[in-house]
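Tertiary structure, described
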Amino acid sequence: MSSIRETLEQHELEALAPAAAKSAGSRGRLRPEAEDDVRPAFQRDRDRIIHSKAFRRLKHKTQVFFAPAGDHYRTRLTHSLEVSQIARTIAKVLRLHEELTEAISLGHDLGHTPFGHAGEQVLDTLVPGGFRHYEQSLRIVDVLEGDGHGLNLSWEVRDGIGRHSKGKNGSPVGIDPDKRSSTLEGQVMRVADLIAYVNHDIDDAVRAGVLREDALPPAAVAVLGDSSSARIARMVKDVVTETSRSGLDEIRMSEEVLEATLAMRAFLFSAVYENETATAEFKKAAGILGGLWERVRERPGEFLDPRILEADGVDTAAKDFVAGMTDRFAVALYERLFIPRPWVGPLAWT
């Protein structure tokens, strides 16, 4: 008699597109382990990511605006959820593996630093050999979670997490095969990441008073739409249309929509991400991370994991500790270590 998992795996074979990844065809895990009776491999990976400590910490990590006072600004956690929603929409239409797409989406930013991309830039100058958040995401799922044993995710999820980053100028589609995700699901997450942040960062910047919506580049607005929902719909429809037309050989966008999307991203970098008002607090954040980096390396026995110290050295242990901090934990620890407290002497009536 077939298990529930085997029944679900058979359904994948019957329902998904030939080019889609299949749970039963996974390349496996770093360490062999028994299959679950109910959940196929990629669903199991998705669940492990959701239940990880690193995923929960994303709720207090900056997306664009540092420690925003308003309740409606995005955090790194809500960004990941929006990426997941867009990615699953695309995957569903293309008959790709939704749970694999979701697992990659929810795990792609686990290694992000406190204070958003500004924090990543600071750590990149401090860590010997540099710092890249996608590499740290893989280190989290391979080593740091599970009390040092990692999550032991499937090869396909790890591949998607490790190949998602685009940087300031990278394209979400049309890149060399050796640089893009090996699965269509991983490629879907890469384009969904850009669709999500280009649109929700506009929304947050308008809410913060840093940007006026009528200041968006007119040519890009004419192609993509004049509201967040219209732009997302236009981009998603374009991705599924162009990818379907090509026979699912890779995830694609039309030249017109891709050009408009990249123009919108370039505008956001100049108007928001590198805006002096929006980034003023990040200059302070750079001082915070620099101070913490030096202090924890001076006192490794007090702050750093002894197992990582022994296995990988003080720089790696310090990187893991500082990169894993939430914004508020970093600020609180900095205050504890560097801000003098008033002296309170013995209490007396005279």
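Report follows, based on the coordinates. This is a predicted model, so every value here is computed, not measured.

Within the protein one finds 17 helices and 0 strands. For 350 residues, the compact-globule formula gives about 20 Å, and the C-alpha radius of gyration of the protein, at 22 Å, lands near that figure. Its C-alpha atoms put the protein at 85 × 55 × 40 Å along the principal axes. Counting the 350 residues in the protein, one finds 53% classified as buried. Contacts in the protein between residues far apart in sequence, at least 24 positions, make up 71% of those at least 6 positions apart.

Helix-helix packing is described using two parameters, namely the angle between the two axes and the distance between the axes. Running from amino to carboxyl end, helix α4 (residues 76-94) crosses helix α11 (residues 228-245) at an angle of 35°, the nearest separation of the two axes being 10 Å. You can see that α4 and α11 cross each other, and the crossing is right-handed. Counting all contacts with α4, which are made through I86, T89, I90, V93 and L94, the residues of α11 involved are I232, V236, V239, V240, T243 and S244. Taken together, the residues of the contact of α4 with α11 sort by class into 8 nonpolar, 3 polar and no charged.

Okay, helix α12 (residues 255-273) next. Compared with an ideal rise of 1.5 Å per residue, which puts 19 residues at 27 Å, α12 spans 25 Å between its outermost C-alpha atoms and is within 8% of the ideal. V257, L258, A260, T261, M264, R265, F267, L268, F269, A271 and V272 are the residues of α12 that are buried.

Under the defined criterion, the tally for this structure stands at 35 salt bridges. One salt-bridge network, in which partners are shared between bridges, spans D36, R39, R46, D47, R88, K92, E98 and E102.

Moving on to the packing of aromatic side chains. The full count for this structure, using the stated rule, is 3 aromatic pairs. Put simply, the rings of F303, F321 and F329 pair up and form one aromatic cluster. Of note, R27 hangs over the ring of W155, and the distance from its end group to the ring centre comes to 3.8 Å.

Moving on to the nonpolar core. By size, the foremost hydrophobic cluster in this structure holds 64 residues, and its most contacted members are I49, I90, L96, V157, L211 and I251. Here this core gets 12 residues from one element, more than from any other, and that element is helix α9 (residues 184-207). Those residues in contact with I90 that sit more than four places away from it in its chain are V188, V191, I195, V236, V239 and V240. In this structure, A118, W293, L304 and A318 belong to the second largest nonpolar core, which totals 24 residues.

On the surface, a nonpolar cluster with roughly 250 Å² of combined accessible area is contributed by I4, L8 and V38. Position of V38 among the secondary structure elements: in the loop between α1 (4-15) and α2 (41-50). Of the residues examined, V38 reaches a relative accessible area of 42% and is grouped as partly exposed.

The next subject is the environment of T277. For T277, the location among the structural elements is in helix α13 (residues 276-298). With relative accessibility at 64%, the residue T277 sits in the exposed group. C-alpha separation for the pair T277 and V210, spaced 67 residues apart in sequence, amounts to 7.4 Å.

This part takes up the packing of helix α5 (residues 98-107) against α9. Where α5 contacts α9, the axes come no closer than 9 Å and their chain directions differ by 45°. Considering the angle they form, α5 stands oblique to α9. Note on packing geometry: the crossing formed by α5 with α9 is right-handed. Contacts from L100, T101, I104 and S105 in α5 reach E185, G186, V188 and M189 in α9.

Below, the discussion takes up the side chain of E102. Tracing the backbone through its elements, the reader meets E102 in helix α5. When its relative accessible area of 12% is taken as the criterion, E102 is described as buried. In this structure, E102 is in contact with R46, S84 and R88, ignoring residues within four places of it in sequence.

Taken together, the side chains of K53, R56, K59 and R328 present a region of like positive charge at the surface. Among the structural elements, R56 can be located in helix α3 (residues 53-57).

With that settled, the discussion passes to the environment of K283. Among the secondary structure elements, K283 is positioned in helix α13. Judged by relative accessible area, which is 62%, K283 ranks as exposed. In the structure, K283 is positioned 264 residues away from A19 in sequence and 46 Å away in space, judged by C-alpha atoms.

The rules behind the values
Residues numbered from 1 in each chain as written. Predicted model: local features only at pLDDT ≥ 70, side-chain atom pairs only at ≥ 80, totals over all residues. Heavy atoms only, no water. Helix = DSSP H or I, 4+ residues; strand = E, 2+ residues; numbered from the N terminus. Rg over C-alpha atoms; globule rule 2.2 N^0.38 Å. Buried < 20%, exposed > 50% of the residue type's maximum accessible area, 1.4 Å probe, protein only. Contact = heavy atoms within 4.5 Å. Axes fitted to C-alpha atoms, helices over the stretch in contact; angles between N-to-C directions. Left-handed = near helix turned anticlockwise from the far one by under 90°. Nonpolar A, V, L, I, M, F, W, Y, C, P; charged D, E, K, R; others polar. Expected span 1.5 Å × (residues − 1). Salt bridge = Lys/Arg side-chain N within 4 Å of Asp/Glu carboxyl O. Phe/Tyr/Trp six-rings, centres within 6.5 Å; stacked < 30°, edge-to-face > 60°. Lys NZ or Arg CZ within 6 Å of the ring centre and 35° of its normal. Core = buried A, V, L, I, M, F, W, Y, C linked by side-chain atoms within 4.5 Å. Patch = residues over 30% accessible without salt bridge, like charges linked within 9 Å, V, L, I, M, F, W, Y side chains within 5 Å. Areas by Shrake-Rupley, 256 points an atom, 1.4 Å probe, with all protein chains shown as cover. Parallel < 35°, antiparallel > 145°, perpendicular 65-115°, else oblique. Lys, Arg positive; Asp, Glu negative; His and termini not counted. Charge placed at Lys NZ, Arg CZ, Asp CG, Glu CD.

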